Amino acid sequence: MESLEKKFDDDFLYRMRDEVLQKVEESEGFQELSREADALSKQFPVITDLLEGTHMEEAHELNKEERQAFRKYVEFHSRIMEISEFAHYYRGHGDCIQHLNRCGFFDERKEKRLSVRDMTELIQIHDTYKSLNNALFGGEQILGLERGYIGALGRIYKVIDDNIPECMQPGSIEILADTSIEPEQRAKMLLQGKCI
């Protein structure tokens, strides 16, 4: 699988990031929070001093009003960061959905089934299971999945049924049972049968 570094150059990723930030920063909620935070930092310059580390040689002892202003400023900035992070999250989520859609993940028209070759192998195993069952029990015996090795082999019916069109499932037992038809032909019949 190709790495992101190879698939996208850095310029593309930065442009994408800038586009997301620009849309967020132009929103009314973001603008309002920014204005409130800026107004507080202008009214109380100690906020900028504390956050940027300026004038650190001077001792700062905050009064009650400055402490409240600083707390409110931090709340505004936390909300600003939250809005920005959500925008990036939803952008990434949307890109992921688009990518999965391009890969056909959501395409319901395509049924995911085994290949004819794999179904042929399953039918050959089915035929062997049936012969072994007849040889051991003198006839076909239906055994539960919990009943030993032979019973466990019966799981093959579920695998076969899970990989054929739903409309073919009622007739699948008859097709499987007809050993006069080659396994590959039965596989084709099961996988490519016409559903009305």
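This section reports on the structure supplied with the text. Predicted model, so just to flag it, every value in this text is computed and none were measured. (Residues numbered from 1 in each chain as written. Predicted model: local features only at pLDDT ≥ 70, side-chain atom pairs only at ≥ 80, totals over all residues. Heavy atoms only, no water.)

**Brief notes about the overall build of the chain**
And step 1. Of the regular secondary structure elements, the chain holds 10 helices and 0 strands.
And step 2. When the helices and strands of the chain are listed from N to C terminus, the series reads α-α-α-α-α-α-α-α-α-α.
And step 3. Every one of the 196 residues in the chain was classed for burial, and the buried ones make up 25%.
And step 4. In the chain, of all internal contacts separated by at least 6 residues, the share reaching a separation of at least 24 is 58%.
And step 5. Accessible surface, the chain: about 14,700 Å² in total, of which carbon and sulfur atoms supply 53%. (Helix = DSSP H or I, 4+ residues; strand = E, 2+ residues; numbered from the N terminus. Buried < 20%, exposed > 50% of the residue type's maximum accessible area, 1.4 Å probe, protein only. Contact = heavy atoms within 4.5 Å. Areas by Shrake-Rupley, 256 points an atom, 1.4 Å probe, with all protein chains shown as cover.)

**A closer look at helix α6 (residues 116–137)**
And step 1. For α6, with 22 residues, the first-to-last C-alpha span of 31 Å sits near the 32 Å given by 1.5 Å per residue.
And step 2. Here α6 has its buried residues at Met119, Thr120, Leu122, Ile123, His126, Asp127, Tyr129, Lys130 and Asn133.
And step 3. Just beyond α6, the residue with positive phi is glycine 138, at close to 75 degrees. (Expected span 1.5 Å × (residues − 1).)

**A look at helix α9 (residues 169–177)**
Each α-helix winds once per 3.6 residues, and so residues spaced three or four apart point in a common direction.
And step 1. For α9, the full list of buried residues reads Ser172, Ile175 and Leu176. End-on, the buried residues of α9 take up no more than an arc of 95 degrees, which puts them together on one face. Residues of α9 that are exposed and angled more than 90 degrees away from the buried face: Pro170, Ile173 and Glu174.
And step 2. Residues of α9 that are buried make contact with α6, α8 (156–162) and α10 (183–192). (Arc of directions from axis to C-beta.)

**Quick word on the environment of serine 41**
And step 1. Relative to the helices and strands, serine 41 resides in helix α3 (residues 28–43).
And step 2. On the basis of relative accessible area, serine 41 is assigned to the buried category, the value being 15%.
And step 3. Expressed as a C-alpha distance, the spacing of serine 41 and tyrosine 73, which sit 32 residues apart in the sequence, is 7.6 Å.
And step 4. In contact with serine 41, not counting residues within four places along its chain, are Ile47, Thr48 and Tyr73.
And step 5. Side-chain polar atoms of serine 41 contact the backbone oxygen of aspartate 38, separated by 2.9 Å. (Polar contact = N/O pair within 3.5 Å; in protein donor to acceptor, adjacent residues only side chain to side chain.)

**A few points about a nonpolar patch on the surface**
And step 1. A contiguous nonpolar surface patch, about 340 Å² in accessible area, is contributed by Leu132, Leu136, Phe137 and Leu153.
And step 2. For the nonpolar patch, the leading source of residues is α6, giving 3 residues.
And step 3. Checked against the element boundaries, leucine 132 lands in helix α6.
And step 4. With a relative accessible area of 34%, leucine 132 lands in the partly exposed category. (Patch = residues over 30% accessible without salt bridge, like charges linked within 9 Å, V, L, I, M, F, W, Y side chains within 5 Å. Salt bridge = Lys/Arg side-chain N within 4 Å of Asp/Glu carboxyl O.)

**A look at the packing of α6 against α10**
And step 1. Contact pair α6 / α10: the axes reach a minimum separation of 8 Å and the direction vectors enclose 120 degrees. Classed by the angle they form, the pair α6 and α10 counts as oblique. Like other packed secondary-structure pairs, α6 and α10 cross with a definite hand, here right-handed. Contact with α6, carried on its side by Val116, Met119, Thr120, Ile123, Gln124, His126 and Asp127, involves Pro183, Glu184, Arg186, Ala187, Lys188, Leu190, Leu191 and Gln192 of α10 and no other residues of that element.
And step 2. Among the residues making up the contact of α6 with α10, the classes are represented as 7 nonpolar, 4 polar and 4 charged. (Axes fitted to C-alpha atoms, helices over the stretch in contact; angles between N-to-C directions. Parallel < 35°, antiparallel > 145°, perpendicular 65-115°, else oblique. Left-handed = near helix turned anticlockwise from the far one by under 90°. Nonpolar A, V, L, I, M, F, W, Y, C, P; charged D, E, K, R; others polar.)

**Here we look at the pattern of salt bridges**
And step 1. Considering all chains together, one arrives at 6 salt bridges under this definition.
And step 2. Between arginine 35 and glutamate 32 there is a salt bridge, and its shortest N-O distance comes to 2.9 Å. Linking arginine 35 with glutamate 32, this pair stays in helix α3, spanning 3 residues, or about one helical turn.
And step 3. For aspartate 127, the salt bridge goes to arginine 186, with nearest N and O atoms at 2.6 Å. Of this pair, aspartate 127 sits in helix α6 while arginine 186 sits in helix α10; the two residues are 59 residues apart in sequence, bridging distant segments of the chain.

Geometry only, nothing functional implied.
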